[in-house]
Amino acid sequence: MFCKFSQVRLAAVNACVPPKEISIMDELEYYDGNRKKVERLRKAIGLDARRVCPEGVTASDLCFQAATELLDRNGVRREEIDALLFLSQTPDYQMPATACVLQHRLGLPRECAAMDLSQGCSGYVYGLWMAASLIASHACNKVLLLVGDAFPPRNPANRVVSPIFGDSGTASLLLHDPSATEMSFQLGTDGSGHELIIVPAGRARRPLSLERDKDAELYADTYDADGNPWRMLQPYMNGRKIFDFSLRVVPAHLKSFMTCANVVPEQIDYLFLHQANGQIVECITDKAGFPLSMAWSETFSRYGNQACASIPVAICDRLGGSRQERGQMLLCGFGVGLSWASCLVQAAGLCVGSVTDYQGRPSETYHSDYLTHWRNIFAAKEDN
Amino acid sequence: MEIRQLLLEWQDVLQCDEPLDAGMNLAGIEEWDSLSQSGMAAFFDRKLGIHVSSETLARCKTVRDLLRLAGKA
């Protein structure tokens, strides 16, 4: 579907990543010590490094820092925020919504609406679409959109997902501005591909049992033809089919979107594609009719594939520390779902923060402290 | 694109040191894996205008099979 929103402006973007970096060169043992194989990966898809959270740090923590920096740097008063949207595939809890926790942590007013959204690699554009629609409908004047993912530790022996995905948290501010140029969006879904990137168990379709023994199968590894271990409670990705989807669907979608939005590639100043990997970014850029010089994938090389947050991190990585005077940005996310989404955003007036390292330090006894905290709550006497 | 040029381009896609010839078994090429198959799918798409899935490429046994997909054999 294609739509436009008037009087909505993307005012600021900020990004935060965990300081711990893992380079693919640190993991030679998982390639049988074959340097040549690793160099092939680097050259073919731009795989280099990723950032990972320590235990006890979640996507919401990264988003919290990004949001705090954004609000303080741009002089936005907390009481001005009408809605907080937290978009992630790795919320803090199954319930309550992590957005509620963040409303409290950020000191936002109680009148602020807060909700979680779940979407994958197209998530940032979906989030912008939701936020813009709230403003365009006059439901809100200012919306804080927090987008981030921090995946639980993965088996490093799995060379499909483990070296690819990186953690990050971002904050974006959208506001009502009568002088703002229209924002255009086009979104799409193909749920027949929902098993191509999925965490198969741990939620309603296959929840954890009350008896631990029944869950043993969820922790067992099944090996593919290349020797990669897969587990029901961890992300699964069919790399081949996702690659084919990226080439088959996304360029055609981009061309269709540009036709609906009445723009041509020559009018686009910045193209920010989901940082799936360098090869995919280059292929889509080329097939969609853009010069290869517009294919930006350095963010993937530096920080990994950051799922829903890869686009705002790419914006901060490339334009960080600047206030844009002009320019059109075309943002395009695609992947999990399967889903895809593009939007055309005017960069005029956009304040872009740099990608900053997370400053928090989780306790070394985080695990045991967390358990103790909840055991105390469970054991507390109810007041009648 | 001439076959000779195609084989040179494919050698670059695979990032292999040894030149390719039509009779080579792909299983015997160390660099023939899911990474290079994706690269080949991208090459077919962008340079030859032929959409071939990486799964189809994975089923190829010889370089000649690749040439057939490219309409050159």
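If you're wondering where the values come from, they're calculated on a predicted model, not measured in any experiment.

A.B. asks: For this particular structure, what's the right way to read the layout of surface pockets?
C.D. replies: Gaps left between atoms show up when a probe the size of a water molecule is rolled over them. The calculated volume of the second largest pocket comes to roughly 1200 Å³. Taken together, 44 residues line the second largest pocket, and the ones lying closest to its centre are A:Arg159, A:Val160, A:Asp226, A:Asn228 and B:Ser34. Those elements that provide at least two residues to the lining of the second largest pocket are α1 (35-45), β13 (236-237), α5 (239-261), α6 (278-287) and β16 (328-335) of chain A together with α2 (34-48) of chain B. Here the element with the most residues in the lining of the second largest pocket is α5(A); it accounts for five residues. Of the residues in the lining of the second largest pocket, the class split is 22 nonpolar, 13 polar and nine charged.

A.B. asks: Any chance you could explain a nonpolar patch on the surface here in plain terms?
C.D. replies: All names here are of chain A. Taken together, Tyr93, Tyr370, Trp374, Ile377 and Phe378 make up a surface patch of nonpolar side chains, about 490 Å² in accessible area. When you line up the elements, phenylalanine 378 lands in helix α9 (residues 366-379). Among the residues examined, phenylalanine 378 registers a relative accessible area of 64% and is labelled exposed.

A.B. asks: Even after reading the chapter, I still don't get the pairing of strand β2 (residues 8-17) of chain A, so can you show me in this structure?
C.D. replies: Two faces belong to every sheet, and in a regular strand the side chains alternate between them. Residue and element names in this part refer to chain A. For β2, a buried count of nine out of 10 residues is recorded, marking the element as mostly surrounded by other parts of the structure. As judged from the eight bridges shared by β2 and strand β8 (residues 168-176), these two strands associate in the antiparallel manner. Considered in β8, the bridge of alanine 15 is made with threonine 170. The pairing of β2 with strand β18 (residues 351-357) spans five bridges and is classified as parallel. Looking at the pairing, alanine 15 lines up with valine 355 of β18.

A.B. asks: Is there a simple way to think about the sheet that holds strand β7 (residues 142-149) of chain A in this case?
C.D. replies: Picture the strands of a sheet paired through backbone hydrogen bonds; they go either parallel or antiparallel. All names here are of chain A. With mixed pairing, the seven strands of this open sheet are ordered in space as β6-β5-β7-β8-β2-β18-β15. Each edge of the sheet is formed by a strand with only one pairing partner; in this case those strands are β6 (113-117) and β15 (322-323). Seen against the sheet, helix α8 (residues 310-319) touches β2, β8, β15 and β18 and runs at an angle of roughly 100 degrees to β18.

A.B. asks: Can you help me understand the sheet that holds β16(A) in this one?
C.D. replies: Residues and elements named next belong to chain A. Overall, mixed pairing links the five strands, which are arranged β1-β9-β17-β16-β14 in an open sheet. With partners counted over all chains shown, the strands left at the sheet margins are β1 (2-5) and β14 (270-273), one partner each. Each strand of the sheet is rotated relative to its neighbour by a mean of 15 degrees, with strand direction disregarded. Pairing geometry for β14 and β16, over four bridges, is parallel. By the bridge assignment, phenylalanine 272 is partnered in β16 with leucine 331. Contacts from helix α4 (residues 123-136) reach β1, β9 (183-189), β16 and β17 (339-346), with the element oriented near 130 degrees to β9. Contacting β1, β9, β14, β16 and β17, α5 crosses the sheet at an angle of about 35 degrees to β17.

A.B. asks: Hey, could you run me through the side chain of A:Arg154 in this one?
C.D. replies: Residues and elements named next belong to chain A. Mapped onto the elements, arginine 154 comes out in the loop between β7 and β8. At 5.1 Å, aspartate 167 is the nearest oppositely charged side chain to arginine 154, a buried residue that forms no salt bridge. One polar contact links the side chain of arginine 154 to the main-chain carbonyl oxygen of phenylalanine 165, over a distance of 2.9 Å. Setting aside chain neighbours within four positions, we find arginine 154 in contact with Arg50, Val161, Ser162, Phe165 and Gln234.

A.B. asks: Is there a simple way to explain the interface of chain B and chain A in this structure?
C.D. replies: Reports often express the size of an interface as the amount of accessible area lost when the parts come together. Residue-level contacts link 22 residues of chain B with 22 residues of chain A. Here chain B packs against chain A, burying approximately 1800 Å² in sum over the two surfaces, 48% of which is carbon and sulfur. Summed over the three residues of chain B that lose the most area to chain A, namely B:Gln15, B:Leu35 and B:Arg46, the buried surface amounts to 37% of that side. Joining chain B to chain A, the criterion identifies eight salt bridges. For A:Lys241, the salt bridge is made with B:Glu55, and the minimal N-O distance between the two is 4.0 Å. At the boundary of chain B and chain A, one finds 12 residue pairs in polar contact (both at pLDDT 80 or more).

Rules and cut-offs
- Residues numbered from 1 in each chain as written.
- Chains lettered and ligands numbered in written order.
- Predicted model: local features only at pLDDT ≥ 70, side-chain atom pairs only at ≥ 80, totals over all residues.
- Heavy atoms only, no water.
- 1 Å grid on protein atoms, 1.4 Å probe; cavity = no way out; pocket = protein on both sides within 12 Å on 5 of 7 lines; lining within 4 Å.
- Points joined across faces, edges and corners; volume = space filled by probe spheres on them.
- Helix = DSSP H or I, 4+ residues; strand = E, 2+ residues; numbered from the N terminus.
- Nonpolar A, V, L, I, M, F, W, Y, C, P; charged D, E, K, R; others polar.
- Patch = residues over 30% accessible without salt bridge, like charges linked within 9 Å, V, L, I, M, F, W, Y side chains within 5 Å.
- Areas by Shrake-Rupley, 256 points an atom, 1.4 Å probe, with all protein chains shown as cover.
- Salt bridge = Lys/Arg side-chain N within 4 Å of Asp/Glu carboxyl O.
- Buried < 20%, exposed > 50% of the residue type's maximum accessible area, 1.4 Å probe, protein only.
- Pairing = 2+ DSSP bridges.
- Contact = heavy atoms within 4.5 Å.
- Axes fitted to C-alpha atoms, helices over the stretch in contact; angles between N-to-C directions.
- Lys, Arg positive; Asp, Glu negative; His and termini not counted.
- Polar contact = N/O pair within 3.5 Å; in protein donor to acceptor, adjacent residues only side chain to side chain.
- Buried area = accessible area lost by both parts, 1.4 Å probe.

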